[in-house]
Amino acid sequence: MSSPSHIGRFVVVRRIGSGGIGTVYEALDPEIERRVAIKLLRREMVAENPELVERLFNEARAANRIGHPGVVQVSEFGRLEDETAYLVMELLDGVTLRQRMRAHGGPLPMDHSLHIVIQLADALDAGHRRGVIHRDLKPDNIMLVPDSAAASGERIKLLDYGIAKLPPREGQSDGPLTHTNMAMGTPGYMAPEQLRDTSRATDRSDVYALGTVLFELLANRAPHVAENQADLLVRILCTDAPRLRVLRPEAQEALDILLARMLVREQPSERPTMQEVRRELQLIAGTGLFSAGASPGSIGQLPSAQATAPSAATPSTLSRVTGQRVVRPVNARSMRQVGLALLVGTVLLASAVVTYRSVRTATAPPPLKVAPPPAELPIPTEPVIQVKQDEPTL
């Protein structure tokens, strides 16, 4: 299929990629010389399924409602003369998380994986606080773009809010039309309740999907694997996800517990909120102790990790829910403070001992003078007068 020369007022530069329902082009706004990406729906697909236009419009509404740097920015929604709908977005120069995983050929480094997922949790939490549920989180919908301001030199961008669930507007639905018992999304990353009925998806369904992404980054496989989609659905609905430490024994216990909670199967309310996930991951990443002897890497430089970490005396979200005490390693600053306190205490104790000894020496009575023993006398040849016992012998 040949590329159009123009889309509305935009000059098409090249085709970036295409999918089942449309094509994405790089284009130029000649008025302000701004490079953009334009998602153009296929006319034949829209004719068969008019709901696709609603999904495109839904994506624009969701992105602008959230307004987070981790969500792709949408600047315009329009239609061509033939009623073909299009969406104008910021142009991203990067790779998808799926491409990064394939290029790496194995589990991503622990610190790199946590850095990515912390950013994802922050962006998703921003959406949840505004009533937006993504419902289609997966590595293909996550872009990694260069950003010198980010701790690791790159930033995530969440894509495709087409089937996102939004707060309903007056007289309108809360997202693309979903029928009872209808499933929308990508099965391998959908929570069990979303598989049964997409309309029942909540913010905790996004938490499950994020747990699936994190598990795959660290274990180089999804929590549930099967030879075909039918078996996969049965596994997701009927079996619990394996524990991370079974596949990665060196993983920190707190991370293993958090992932298990994110992937709770039967009771979505038992999963943590996205905000709790972000805070716990920042705490785990901020310690730099992903495993024994592991290097903290760039993730240890996250500025908000220390600020949001609860004190060691306060039970964490993990310990409150699981009943297990999560040992929180002390950071370097705390160790320096403890060392300084011990040094000051030692000096004060030593000073007290010296003072006590000085006072005791000054107030003690003078020692008694003991007379030297008498000198030996020669044995007389005549009797001598014996001294009485009660007379002094000095």
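The rules behind the values
- Residues numbered from 1 in each chain as written.
- Predicted model: local features only at pLDDT ≥ 70, side-chain atom pairs only at ≥ 80, totals over all residues.
- Heavy atoms only, no water.
- Salt bridge = Lys/Arg side-chain N within 4 Å of Asp/Glu carboxyl O.
- Helix = DSSP H or I, 4+ residues; strand = E, 2+ residues; numbered from the N terminus.
- Buried < 20%, exposed > 50% of the residue type's maximum accessible area, 1.4 Å probe, protein only.
- Expected span 1.5 Å × (residues − 1).
- Contact = heavy atoms within 4.5 Å.
- Axes fitted to C-alpha atoms, helices over the stretch in contact; angles between N-to-C directions.
- Parallel < 35°, antiparallel > 145°, perpendicular 65-115°, else oblique.
- Left-handed = near helix turned anticlockwise from the far one by under 90°.
- Nonpolar A, V, L, I, M, F, W, Y, C, P; charged D, E, K, R; others polar.
- pLDDT = per-residue confidence, 0-100.

Considering the pattern of salt bridges
Now for step 1: Considering all chains together, one arrives at 23 salt bridges under this definition.
Now for step 2: Taking the shortest distance from any N to any O, the salt bridge between Lys-39 and Glu-59 comes out at 3.0 Å. One end of the pair, Lys-39, is in strand β4 (residues 34–41); the other, Glu-59, is in helix α2 (residues 51–66), with 20 residues separating them in the sequence.
Now for step 3: For the salt bridge of Asp-240 with Arg-265, the shortest nitrogen-to-oxygen distance reads 2.9 Å. With Asp-240 in the loop between α7 (229–238) and α8 (244–247) and Arg-265 in the loop between α9 (253–262) and α10 (274–287), this pair connects stretches of sequence that are 25 residues apart.
Now for step 4: Judged by relative accessible area, which is 54%, Asp-240 ranks as exposed.
Now for step 5: Residues joined by salt bridges that share partners form a network here, namely Arg-9, Asp-29, Arg-34 and Glu-76.

Describing helix α6 (residues 203–219)
Now for step 1: Counted at 1.5 Å a residue, the expected span for α6 with its 17 residues is 24 Å, and the 24 Å between its end C-alpha atoms agrees.
Now for step 2: Burial runs high along α6: 16 of the 17 residues are buried.

Quick word on the environment of Leu-41
Now for step 1: With respect to the element layout, Leu-41 can be found in strand β4.
Now for step 2: Leu-41 sits in the buried class, given a relative accessible area of 3%.
Now for step 3: In this structure the C-alpha to C-alpha distance between Leu-41 and Val-24, which are 17 residues apart in sequence, comes to 8.8 Å.
Now for step 4: Leu-41 has contacts with Ile-21, Gly-22, Val-46, Leu-52, Val-53, Leu-56, Thr-84 and Ala-85, leaving out every residue within four places of it along the chain.

Re the packing of helix α3 (residues 97–104) against α6
Each pair of packed helices can be described by the angle between their axes along with the distance between the axes.
Now for step 1: The interhelical angle for the contact between α3 and α6, taken along N-to-C directions, is 20°, at an axis separation of 11 Å. As far as their axial angle goes, α6 and α3 are roughly parallel. Relative to α6, the crossing made by α3 is left-handed. Contacts between α3 and α6 involve Leu-97, Arg-98 and Met-101 on the former and, on the latter, Val-213, Glu-216 and Leu-217.
Now for step 2: Here the residues of the contact of α3 with α6 are counted per class, giving four nonpolar, no polar and two charged.

Digging into unusual backbone geometry
Now for step 1: One non-glycine residue, Arg-135, lies in positive phi territory at about 70°.
Now for step 2: Mapped onto the fold, Arg-135 is located in the loop between α4 (110–129) and β8 (142–146).

Some thoughts on the confidence of the model for the protein
Now for step 1: Of all residues in the protein, 69% attain a pLDDT of 70 or more, and the chain-wide mean is 78.
Now for step 2: Long-range and interchain partners of residues 288–332, a stretch whose pLDDT sits below 50, account for 80 contacts in this model, where long-range means more than four residues apart.
Now for step 3: pLDDT under 50 marks residues 379–394. Its contacts with residues more than four places away, or in other chains, come to one contact.

Here we look at the environment of Arg-245
Now for step 1: With respect to the helices and strands, Arg-245 occurs in helix α8.
Now for step 2: According to the relative accessible area criterion, Arg-245 is partly exposed, its value standing at 34%.
Now for step 3: Between the C-alpha atoms of Arg-245 and Asp-256, which are 11 residues apart in sequence, the distance is 6.3 Å.
Now for step 4: With sequence-adjacent residues up to four places away left out, Arg-245 is seen in contact with Ala-251, Gln-252, Glu-253 and Asp-256.

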